[in-house]
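Examining the three-dimensional arrangement
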Amino acid sequence: ARAKPEGDNRLVDKTRCLDNLLYACLTPQALYRGESRKTAKLKARNVGGMHNHPALKEIYKSVDSVLERQKERHLASLNDQDAASQGHTSNTRALQREYTAEYMKHRKVGSDWELGRFCYGEIVGADRDPNGDEVLILDNPSPALVELVSNPGKTGNPGMGFASREWVEEKQCFGGNKKVSRVTYAKPTVEFNFLPNVPLPKDYKQQLLKKLSQVSGISNHELTTAHSTNGIQINDRQRDDDLIVEVQGPGNIIEAIRESNPSSIQIGNHQGRMMDSHVTVMVKKDLLMPYCGVRGKSGGLNFAVDLLQFRDGYIGTGEDGDPVPEHMLYGIFDARHMPHPDFWRKCLPKFMNNKDLGYTYEVNDQVCMVQAPQSFASVKLDDDILDVTNGMCFNVMNVIRNRCGGVTSCGTNAIWHINGKDFSRLDDASVTSEYFDSRTKIEDTASTHINFCKGLRSVYVQEKISTGIAKLNADYLCAMQRWAE
């Protein structure tokens, strides 16, 4: 249920950690190149949205390019030959392609938080960059992150780049120098190993560009022009007993070559192959956040809150000039429960205050949650030996607790009042804050207690406005065991 087990340490106030072998992604702050997120949001509002923010244009371009390539590859995989191998007709596959193409038109990136989540990688190490800042080494970087690092744009992407190691001499305390290995930022590069280990022909660069054009799909004219203007640099050198040719250039060209993964390139009498096509990226640690810090039900609930709060138009900030209301009602229903048609009509008034003796109502900021009882179909009370219906809780205890606003959530049939002003995500440090407590298996009770400690209260609706399918016998005992844990 969580990414990092906390053991007996009760002082840990955060679950999401940047641990080795877990995945990390860029924070929204990393996309703004040093600008605070609060300032960036205001600027985006003045220029017509996040897509028009100067710092995000290159990021959107990289992510949109990745989405387009994914779309093309997926549609290309839905061919007639594949259909025949799976027993489908060509008409069926054509219809599937049509529906898939229509569905993919609606794929969009609606916030800086989502942009950051497209740029991820697996944490495999930590080090310090040439400036002395702590960095994390990311393996298996996502295509969007690779493209972002490869194409930094005019202003660059400070704090991130391809990882490379170099040997440098450091002075010792008592005199003398010592060679040490340190991590450094590298330019987009791809290397080829050629055999035999004898000098290459004089025109090997032109021949290599022509071969790379054939395998990568980039026109020979574009490669030749980039090479003549020093956009692409080709150098050969000896490494031990190997003849290495290094191609360095713009990120989009290098990544197109890398993705084509040429395994055999013939230049005169020399046979070459691309060396390790695997790249690693290093990013300053304070620019990263866990990609999936928590899992289970609480992780899913928090993901939905994050998505709605970071996207514009769902939960406002309460700041001056923000036209979006900062209040949102968030209903939760387990898969085996279904609300009745009058569910919201019975619950919505509990979140309101009558401002005067007339019909003027306003949101009650003191109510954090409204809970409705559980009821189950085809369960006879006389046969309910294990108290599956939980009648003692819903018919007695919750009625008493409701007198002091102390009803705790039972997971389903609950509506949460999320106040974007109190639970703000504008500050850079609050991006990884979570609304639902993910450090426990009973996130419903724990999250309610968190709100109680803030001085808020809950309301109970003692009416049958939802029906579910009960867990019986062994399934119910397993549920009780999980609650006890």
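Above this note sits the structure.
Note that residues are indexed from 1 along each chain, following the sequence as it is written. For this predicted model, a pLDDT threshold of at least 70 governs which residues receive local features, and a threshold of 80 or more governs which side-chain atom pairs are given and counted, while totals over whole chains, interfaces and linings are taken from all residues. Hydrogen atoms and water are omitted, and side-chain values are computed over all heavy atoms in the structure.

1. A short note on the overall build of the chain
Each helix is a run of DSSP H or I of at least 4 residues and each strand a run of E of at least 2, with the numbering of both proceeding from the N terminus. Along its length, the chain carries 15 helices and 20 strands. For every residue, the accessible area (1.4 Å probe, protein chains only) is compared with the maximum for its type, and the residue is labelled buried under 20%, exposed over 50%, or partly exposed between those bounds. Expressed as a percentage of the 485 residues in the chain, the buried residues total 41%. In the chain, the proportion of contacts linking residues at least 24 apart, taken out of those at least 6 apart, comes to 70%. In the structure as shown, the chain presents an accessible area of about 26800 Å², 51% of it carried by carbon and sulfur atoms. When checking whether two residues touch, look at their non-hydrogen atoms; a contact exists if any pair is within 4.5 Å. Where accessible areas are quoted, they stem from the Shrake-Rupley method and a 1.4 Å probe; at the residue level, only the protein chains shown are allowed to cover.

2. A word on the packing of aromatic side chains
When the centres of two rings from Phe, Tyr and Trp lie within 6.5 Å, Trp using its six-membered ring, the rings pair. Their planes under 30 degrees apart give stacked, over 60 give edge-to-face, and anything left gives tilted. Enumeration over the complete set of coordinates arrives at 11 aromatic pairs. Through pairs of rings, three or more aromatic residues link up here, namely Tyr330, Trp416, Phe423, Tyr435 and Phe436. Here, a charge over a ring is recorded when the distance from Lys NZ or Arg CZ to the ring centre is within 6 Å and its angle to the ring normal is within 35 degrees. The ring of tyrosine 291 is capped by arginine 117, whose NZ or CZ atom sits 4.2 Å from the centre of that ring.

3. Side note on the sheet that holds strand E18 (residues 414-419)
Following DSSP output, two strands are said to pair if at least two bridges run between them. Judged by pairing direction, the sheet is mixed, and its four strands sit side by side in the order E13-E18-E17-E19 without closing on themselves. Edge positions in the sheet fall to strand E13 (327-332) and strand E19 (457-460), since each has one partner strand and no second. Neighbour-to-neighbour, the strand axes of the sheet open up by a mean angle of 20 degrees, direction not taken into account. Bridge count between E13 and E18: six bridges; the pairing is antiparallel. In the sheet register, glycine 331 faces E18, and the bridge partner there is isoleucine 415. The strands that helix H11 (residues 296-310) touches are E13 and E18; relative to E13, the one it contacts most, it runs at about 150 degrees. Seen against the sheet, helix H14 (residues 443-453) touches strand E17 (367-371), E18 and E19 and runs at an angle of roughly 40 degrees to E18. Simply put, an axis is a line fit to the C-alpha atoms, just over the touching stretch for a helix, and the angle between two N-to-C directions goes from 0 to 180 degrees.

4. With respect to the pattern of salt bridges
Where charged atoms from two side chains of opposite charge approach closely, those side chains can pair. A pair is scored as a salt bridge if a Lys or Arg side-chain nitrogen falls within 4 Å of a carboxyl oxygen belonging to Asp or Glu. Under the definition given, this model contains 10 salt bridges. As a salt-bridge pair, glutamate 246 and arginine 237 come within 3.4 Å of each other at their nearest N and O atoms. Note on arginine 237: relative accessible area 32%, which makes it partly exposed. For glutamate 443, the salt bridge is made with lysine 297, and the minimal N-O distance between the two is 3.8 Å. Taken together, the residues span a long stretch of sequence, with glutamate 443 in helix H14 and lysine 297 in helix H11 at a distance of 146 residues. Three or more residues are tied together by salt bridges with common partners; here these are Glu191, Arg237 and Glu246.

5. Details of the sheet that holds strand E10 (residues 270-274)
On the basis of which strands lie adjacent, the open sheet formed by five strands has the order E7-E8-E6-E10-E9 and antiparallel pairing. In the strand order of this sheet, the two ends are held by strand E7 (233-239) and strand E9 (265-267), each with one partner. Taking each pair of neighbouring strands and ignoring which way they run, the sheet shows an average axis angle of 30 degrees. Where E7 lies against strand E8 (residues 242-248), seven bridges are found, and the strand directions are antiparallel. Bridging from a neighbouring strand, arginine 237 pairs with isoleucine 244 of E8. Helix H10 (residues 251-260) contacts strand E6 (189-195), E8 and E10 of the sheet and is inclined by roughly 50 degrees relative to E6.

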